[in-house]
Amino acid sequence: MNYLFLFVLSTKLLFSFDRYDGELPIGLTEEEKGQMHLIQEMIRATDPPVAPVRSIAEYEPMQGVLIRYPFGISTSLIKKLSETVVVYCLVSSSSQNSAYSSMNNAGVDMENVEFILGSTDSYWTRDYGPWWVVDGENEVGVVDFTYNRPRPNDNQAPLKTANYLNTPYFASGIISTGGNYMTDGYGMSASTHIAYTENNQCNTNNQSSVPLPPCAYVDNNLNEYYGISTFHVVADPNNEYIDHIDCWGKYLSPHKVLIREVPTWHSQYDEIEEVSEYFQNSLTSFGKPWEVYRVYTSSNQPYTNSLILNDKVFVPIMNNSYDDDALAVYESALPGYEVLGYTGSWQSTDALHCRVRGIPDLDMLQIFHNPIDDQVSPQDSYFITTTIDDISDAGLVPDELKVVWWIDGLVEQETVILDVCSEDIPNCYSASIPSQAEDGVIKYYIQAMDYSGKLEKLPMAGYFDFYAIGGPISEPGDINLDGVTNILDIVLVVNIVLNSEQDSSADLNFDGIVNILDVILLVNIILEN
């Protein structure tokens, strides 16, 4: 949805700004500090995408990355990126030959390089690059925002990218920046306070609350244009000028979040721990506690400023003694992924993630799944449900819709074919992993293929895992496994409810939550017996 008036307005703005002589910094120049009012003139808005809308997460299938020339990353990193995805390079027409020579001389696979022509002001493509969604017509498209810097060339990048890739284009009207936005792919996102304070309609300068009180203007905009139903906005704990969330936190998956950690003597220790505790006490889109991972950054190393790209994680490293531990945190949190460290001109407020942005697979196979929890009692089987949708509309290959599982420590894998769910739920598939004779960890992943030959896994690398209890199956309601369902089991379930705990054996109606409904069901089971 490209509108001529947007182009005319943007062109007018482009020539109304005085050009800065040389490369613009990540922060504001003195000249820009006096031009902040001009950001309001850069704002554009279109109708929203057709609902329902879903924001695409960083860890979903990507066909490419967006960088800019002159580069902000090393050509050795660009070379590695080009091995598996397309490198889309924003470059002015006068510099295209120089950009080509620089990459070609470094051994970059030029078959995987495409140029998007147009001037830019800086190389922070994460901050000004496009945000991606899947809309209600099952199309991948760009939903733009207004860049929070008075930089008209950078602000044009999302529109240029959408035009080049021939994808739908929408503009939301909010002022934001990509380094201060992370999303889980299921309707949840998080940012620091500037998500509200930089939008005048929020009428707030709150820079200390965790979380901030909601701002209806931004929240409603994110819901309508990006499909965000839960938006976590917290005061930035780093006390830096940039206030970007990727300087201290990162969604690693819909279930895992990474938060920086500092020693107790660090000036920002209390603020960072307050934010970490907030996420530890928050729930995922599946209603479960986050798995919170911490990475040690005593000297403000930018380890959270990493890029997840398909089955790889690119981590900025500093050539110091803490690098190996930082890489090990990623390997622990994302088993099976290739974790790669890269040096560069990194700063605590500006590193790898700031300078690269993923371009999603425009014909991706979408796979969604709520992983199985650790078990506390034997089960007849372990039921798996998943949603699989091919945006390409090529059609799914039935025999290639699988759950692949194995017992930890054993090499042999088993395969179970996914069947269409018995319930009338669109794109729903299910399968069961059989019960186990002995206790142990079961690992599994979901695999799908469409008739175009596209093959995807969830997770994209590695596996999900859960602890299974072996042995005979207990009777329904026998929560304490004493062989009898009685008042003692009721007391146990009531305590679970009162303590806001979750125990799958007490979830008698299998709705994913232990509450009063399970107590009532247990009472009925006892009365019937």
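Everything in this summary refers to the structure shown in the same document. Counting restarts for each chain: residues are numbered from 1 in the order of the written sequence. A pLDDT threshold of at least 70 governs which residues receive local features in this predicted model, and a stricter bar of 80 or more applies before side-chain atom pairs are shown or counted, although totals over entire chains, interfaces and linings include all residues. Hydrogens are left out, water is left out, and the side-chain values use all remaining heavy atoms of the structure.

What follows concerns the overall build of the protein chain. Under the scheme used here, helices are H or I runs from DSSP no shorter than 4 residues and strands are E runs no shorter than 2 residues, and both carry numbers assigned from the N terminus. Scanning the protein chain for helices and strands turns up 15 helices and 26 strands. Taken over C-alpha atoms, the radius of gyration comes to 25 Å for the protein chain, in line with the 24 Å a tight globule of 529 residues would show. For the C-alpha atoms alone, the extent of the protein chain along its principal axes is close to 80 × 50 × 50 Å. Considering only intrachain contacts with a sequence separation of at least 6, the fraction spanning at least 24 residues in the protein chain is 72%. Radius of gyration here uses only the C-alpha atoms, and the compact-globule reference equals 2.2 Å multiplied by the residue count raised to the power 0.38. We call two residues in contact whenever any of their non-hydrogen atoms come within 4.5 Å of each other.

Before going further, it helps to examine the state of the cysteines. By definition, a disulfide links the sulfur atoms of two cysteine residues through a covalent bond. Only a pair of cysteine sulfur atoms within 2.5 Å qualifies as a disulfide here. Per the stated rule, a full pass over the model turns up 2 disulfides. Paired by a disulfide, Cys202 and Cys215 hold their sulfur atoms 2.0 Å apart. One disulfide, between Cys202 and Cys215, carries an S-S torsion of -85° and so falls in the left-handed class. You can see Cys202 sitting in the loop between α9 (194-197) and α10 (216-226) and its partner Cys215 sitting in the loop between α9 and α10, a full 13 residues away along the chain. Judged on exposure class, the residue Cys202 and its partner Cys215 are both buried. Here Cys247 is not cross-linked by a disulfide; its sulfur's nearest cysteine counterpart is in Cys354, at 5.6 Å. Burial classes follow relative accessibility: with a 1.4 Å probe on protein chains only, a residue under 20% of its type's maximum area counts as buried, one over 50% as exposed, and anything between as partly exposed. Taking the relative accessible area as the measure of exposure, Cys247 reaches 7% and is therefore buried. Here Cys354 falls in the buried class, since its relative accessible area comes to 0%.

To continue, consider the sheet that holds strand β11 (residues 249-251). If you walk across this open sheet you meet the 3 strands as β11-β12-β13, and the pairing is mixed. Looking at which strands have only one partner, the edges of the open sheet turn out to be β11 and β13 (291-296). Recorded for the sheet is a direction-independent mean angle of 20° between the axes of neighbouring strands. Axes here refer to lines fitted to C-alpha atoms; in helices the fit is confined to the stretch in contact. Angles between the N-to-C directions go from 0 to 180 degrees. Most of the contacts of helix α12 (residues 323-333) go to β13, to which it runs at about 165°, and overall it touches β11, β12 (256-261) and β13. Two strands qualify as a pair provided DSSP detects at least 2 bridges between them.

Glancing now at the pairing of β13. Pairing between β12 and β13: 6 bridges, direction parallel. Of the residues in β13, the one forming a bridge with Lys256 is Glu291. In this fold, β12 hands off to helix α11 (residues 269-280), which returns the chain to β13; that crossover is right-handed. The definition of a right-handed crossover adopted here requires that, viewed with the strands pointing away, the path from the first strand over the helix to the second runs clockwise.

Note that Asp389 resides in strand β19 (residues 381-390). His is not counted, nor are the chain ends; Lys and Arg add positive charge and Asp and Glu add negative charge. Salt bridge criterion: a side-chain nitrogen from Lys or Arg within 4 Å of a carboxyl oxygen from Asp or Glu. It is Arg54 that comes nearest to the buried, bridge-free Asp389 among opposite-charge side chains, at 7.8 Å. We call two N or O atoms a polar contact when they sit within 3.5 Å, provided that within protein one can donate a hydrogen and the other can accept it, with sequence-adjacent residues counted only if both atoms are side-chain atoms. Polar side-chain contacts of Asp389 include one of 3.2 Å to the side chain of Asn138. Look past the residues within four positions of Asp389 in its chain and what remains in contact with it is Asn138, Met364, Leu365, Gln366 and Asn427.

Judged by nonpolar contacts, the single largest core of 50 residues is most densely connected at Leu81, Met103 and Phe314. Broken down by element, the residue count for this core peaks at 6 residues, all from strand β3 (residues 86-91). The contact partners of Leu81, leaving out residues within four places of it in the chain, are Val65, Ile73, Val87, Leu307, Leu309 and Phe314. Counting residues in each nonpolar core, the second largest holds 34 residues, with Ala57, Ile317, Val329 and Leu334 among its members. Here the nonpolar core consists of buried residues drawn from Ala, Val, Leu, Ile, Met, Phe, Trp, Tyr and Cys, with membership extended through side-chain atoms lying within 4.5 Å.

As a further point, take a negative patch on the surface. Exposure above 30% relative accessible area and the lack of any salt bridge qualify a residue for a patch; like charges then connect within 9 Å, and the nonpolar side chains Val, Leu, Ile, Met, Phe, Trp and Tyr within 5 Å. All accessibility values rest on the Shrake-Rupley procedure with a 1.4 Å probe; residue burial counts only the protein chains present in the view. The atom standing in for a charge is NZ when the residue is Lys, CZ when it is Arg, CG when it is Asp and CD when it is Glu. On the surface, Asp270, Glu271, Glu274 and Glu277 cluster together into a negatively charged patch. Structurally, Glu277 can be placed in helix α11.

Turning next to helix α8 (residues 157-165). Spacing of three or four residues puts side chains on the same side of an α-helix, whose turn is 3.6 residues. Burial analysis of α8 places 7 of its 9 residues in the buried class, which makes it a mostly covered element. At the C-terminal side of α8, Asn166 shows a positive phi close to 55°.

Two aromatic rings, drawn from Phe, Tyr or Trp (for Trp, its six-membered ring), form a pair once their centres lie within 6.5 Å of each other, and the interplanar angle then sorts them: stacked below 30 degrees, edge-to-face above 60, tilted otherwise. If you walk through the whole model with that rule in mind, you get 21 aromatic pairs. With centroids separated by 6.4 Å and ring planes inclined at 50°, the aromatic side chains of Tyr181 and Tyr226 adopt a geometry described as tilted. Separated by 45 residues along the polypeptide, Tyr181 in the loop between β7 (169-176) and β8 (182-183) and Tyr226 in helix α10 bring together distant segments of the chain. One exposure class covers both Tyr181 and Tyr226, and it is buried. In textbook terms, an aromatic cluster arises when at least three aromatic residues are bridged by ring pairs, as seen for Trp131, Phe145, Tyr181 and Tyr226. Definition used: whenever NZ (Lys) or CZ (Arg) falls within 6 Å of the ring centre and also within 35 degrees of the ring normal, the charge is taken to sit over that ring. Positioned above the aromatic ring of Tyr445 is the side chain of Lys457, whose terminal nitrogen or guanidinium carbon lies 4.3 Å from the ring centre.

To continue, consider the side chain of Ser298. Examined against the element boundaries, Ser298 turns out to sit in the loop between β13 and β14 (307-309). Beyond its immediate chain neighbours, meaning those up to four positions away, Ser298 contacts Glu261, Pro263, Trp265, His266 and Tyr322.

Here we come to a nonpolar patch on the surface. Where nonpolar side chains cluster on the molecular surface, the patch consists of Ile487, Leu488 and Val491 and spans about 280 Å² of accessible area. Among the structural elements, Leu488 can be located in helix α14 (residues 487-498).

Let us now look at the sheet that holds strand β17 (residues 357-360). Sheet architecture is open: 4 strands sit in the order β4-β3-β2-β17, paired in mixed fashion. In the strand order of this sheet, the two ends are held by β4 (113-117) and β17, each with one partner. Averaged over all adjacent pairs, the angle separating strand axes in this sheet is 30°, with direction ignored. Two elements, β3 and β4, share 5 bridges in a ladder whose sense is parallel. When the sheet's bridge partners are listed, Tyr88 is paired in β4 with Glu114.

On to the environment of Val53, then. Mapped onto the fold, Val53 is located in the loop between α3 (39-42) and β1 (54-55). A sequence separation of 86 residues divides Val53 from Glu139, and the C-alpha atoms of the two residues are 9.8 Å apart. Residues in contact with Val53, not counting those within four places in the same chain, are Val133, Val134, Asp135, Glu224, Tyr225, Tyr226 and Gly227.

In total, this model carries 14 salt bridges according to the counting rule given. Residues Lys33 and Glu30 are paired through a salt bridge, measuring 3.1 Å at the closest nitrogen-oxygen approach. Here Lys33 pairs with Glu30, and both are found in helix α2 (residues 30-33), just 3 residues apart, close to one helical turn. Glu30 sits in the exposed class, given a relative accessible area of 63%. The partner of Asp373 in a salt bridge is Lys288, and the shortest N-O contact between them spans 2.9 Å. Within this pair, whereas Asp373 is found in the loop between β18 (365-369) and β19, its partner Lys288 is found in the loop between α11 and β13, the two being separated by 85 residues in sequence.

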